[in-house]
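Residues per chain, in single letters:
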Amino acid sequence: MLNAPEKKLSLNALRIRLSSSEALPQLTILGLLTGLLAGSLLIGFRELLTLISTTLVPEGEDHFESLSSLHRFLLPIAGSVVIILMVKLIRKKRRSVGVAHVIERLTMHRGRLPSSSVVLQFFTALIALASGFSVGREGPAVHMGAGVGSTLGQRLQLPDNTLRILAGCGVATAISVSFNTPLAGVIFAMEVIVKQYSLGNFIPVMAASVVAALMAQLMYGPEPAFHVPAIAMTSMEELLIAAVMAVCIGIMAGLFIRLQTTMIARRKGHLVLPILFAGLIMGIAGVMVPAVMGIGYDTLESLLNGGLFGLSTLVILLFTKLIVTATVTGLGIPGGIIGPSLFMGAVCGAVFGSLGEQLLDIPNLNSSFHALLGMVAMMAATLQAPLVALVTVLELTHNPNIIMPAMFVIVIACLTSGRFFQNRGIFEIQLLKGGHNLEASPLHQLLRQTGVGSLMNPACSQIPRHPSEEELYDTLEETSDWVLICHEQSLSHVLPPEKLPDQHSQDLDLLTLPEVSEIHSISLQATLYEALELMNRLSVDTLAVIPKRTSKRKSRSRNQTTSQACGIITRQDIENFYQGKSALGV
């Protein structure tokens, strides 16, 4: 059994190994663990949501139409009050939730998601969904899954380049559990959240998604989230209907994003009145159009399986869902937009299928086919993630015949949304409106993927400022490339080993030697990007790498560490690394 020092050494060895972008076996094991933990949390969330929903809505989750008008009006207002009380329990800086928040933390905060915001997302999303708000559960699931991966890495004090990958594992887990679509989970994590394609990212994320899918199938069976029959295109004329529908969906996606971001801007960071107003809007909409309450998966599945709806009913449902969802999410209700976007796309597709049947008199036209195409087109146009939408519809239907028409509408919808509204995806637009530009150069992306532990030189010795004869002799005997001088239990200066005096004197003070220079510290968890940034800020070329990150209070002092150094990293090491990767075309 390992004692404490041996455990510490083995953990440090793991951290140094994980600093390299090529530590696939270790990352894969951590990805499996993330999938197991995040999958358990999300299944627990889903079960708890079902329990609360069936208590509030006896007919079952998402069947808000069965409630009385008064009940439908009061339920969202009561939910908004509970959400406000929950949010007020959390510090203001920790109140951000949702997919855009995850992307921001992964890009600008070294992949560190606060645990308090994950807890807030869990309970507020639970209340929002159970009280009938027109929001989805996939967005909160993405935040919770990413939070589990990030928290695991932080607890183990793993390098920051690892936190992004573990958060990506949690994201894939969220989509895999939500829809029972493991491949769509991987693609969503890579295309929407991490936005970096490499073998070192894909394998751990894929492992997490597979574990989550197995857990979901053990719990809920092998079927995907929706039961979709084998639908096929009956004639080429249907592509004309699909093309017009895709153009309209692209415009709808742009309007949806524009309305939501307008509401976010109008909110101006306020809490109470916007959320109360969202509850009031949802209550009124619930009275007038009950089917807009909740995610709407019951209506969605009915459309995909040939359920009959009047054209006027579909149009009212479509525009009410669009306006209400964009408004309540923009006003701060902590829910997702993926589920509602699927709903809106399916309803729009059913509208055009019905119009095609009535106006063009196409024989054997299947409105369910167009509902399915509308669903995938709206998802792609809203997220600006065409591959995610295509893989999702393929996994949901298990029908390869849907690939060509799905690609056809995805291209048109994405181009329409991007051309007329300059959309770059709803989450990216949210971040841009919040003043966050997450564009990163290839140099920054590469340096963020690699930890300082992979390049540091461990051949360094430490010696007190006033060494004894024995300490000086032992240091001279060591084969080190660097000598670090300790003063008042902290690393303060560095000295080339050949500049150490050969003989000891009674009043020897190493800080008086002319070759001595100050040294600053960086933690083993840091990335090469952080190291280069710190060097530029301090105007230095050398940093000591220490095992643990210091607190903000301690880091304000000139020297940051009281612990043993792991090694030394220099500006030249980082430049040689980048030049080597550039020469290989990485």
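Residues numbered from 1 in each chain as written. Predicted model: local features only at pLDDT ≥ 70, side-chain atom pairs only at ≥ 80, totals over all residues. Heavy atoms only, no water.

Quick word on the environment of Leu273
So, point 1. Relative to the helices and strands, Leu273 is located in helix 11 (residues 272-288).
So, point 2. The exposed category is assigned to Leu273, whose relative accessible area is 66%. (Helix = DSSP H or I, 4+ residues; strand = E, 2+ residues; numbered from the N terminus. Buried < 20%, exposed > 50% of the residue type's maximum accessible area, 1.4 Å probe, protein only.)

Quick word on the pairing of strand 2 (residues 482-487)
So, point 1. As judged from the 5 bridges shared by strand 1 (residues 460-464) and strand 2, these two strands associate in the parallel manner. Bridge pairing in strand 2 links Ile463 to Ile485.
So, point 2. Note on the crossover from strand 1 through helix 20 (residues 469-477) to strand 2: the handedness is right-handed.
So, point 3. With 5 bridges connecting them, strand 2 and strand 3 (residues 490-495) associate as antiparallel partners. Note that in strand 3 the partner of Leu484 across the bridge is Val494.
So, point 4. Turn length for the strand 2-strand 3 hairpin, with the two strands adjacent in sequence and antiparallel, is 2 residues, and the turn residue Glu488 shows positive phi of about 55 degrees. (Pairing = 2+ DSSP bridges. Right-handed = clockwise from strand over helix to strand, strands pointing away.)

Some details on the sheet that holds strand 5 (residues 520-523)
So, point 1. Ordered in space as 5-6-7, the 3 strands form an open sheet in which the pairing is mixed. Looking at the sheet topology across the chains shown, the edges are occupied by strand 5 and strand 7 (567-570). For this sheet, the mean angle separating the axes of adjacent strands, direction not counted, is 40 degrees.
So, point 2. Note that strand 6 (residues 542-546) and strand 7 share 4 bridges and pair antiparallel. Counterpart to Leu543 in the pairing with strand 7 is Ile569.
So, point 3. Contacting strand 5, strand 6 and strand 7, helix 21 (residues 528-538) runs over the sheet at an angle of about 160 degrees to strand 5. (Axes fitted to C-alpha atoms, helices over the stretch in contact; angles between N-to-C directions. Contact = heavy atoms within 4.5 Å.)

Here's the deal with a negative patch on the surface
So, point 1. There is a patch of like negative charges on the surface, built from Glu469, Glu470, Glu471, Asp474, Glu477 and Glu478.
So, point 2. With respect to the helices and strands, Asp474 occurs in helix 20.
So, point 3. According to the relative accessible area criterion, Asp474 is partly exposed, its value standing at 37%. (Patch = residues over 30% accessible without salt bridge, like charges linked within 9 Å, V, L, I, M, F, W, Y side chains within 5 Å. Areas by Shrake-Rupley, 256 points an atom, 1.4 Å probe, with all protein chains shown as cover. Salt bridge = Lys/Arg side-chain N within 4 Å of Asp/Glu carboxyl O. Lys, Arg positive; Asp, Glu negative; His and termini not counted. Charge placed at Lys NZ, Arg CZ, Asp CG, Glu CD.)

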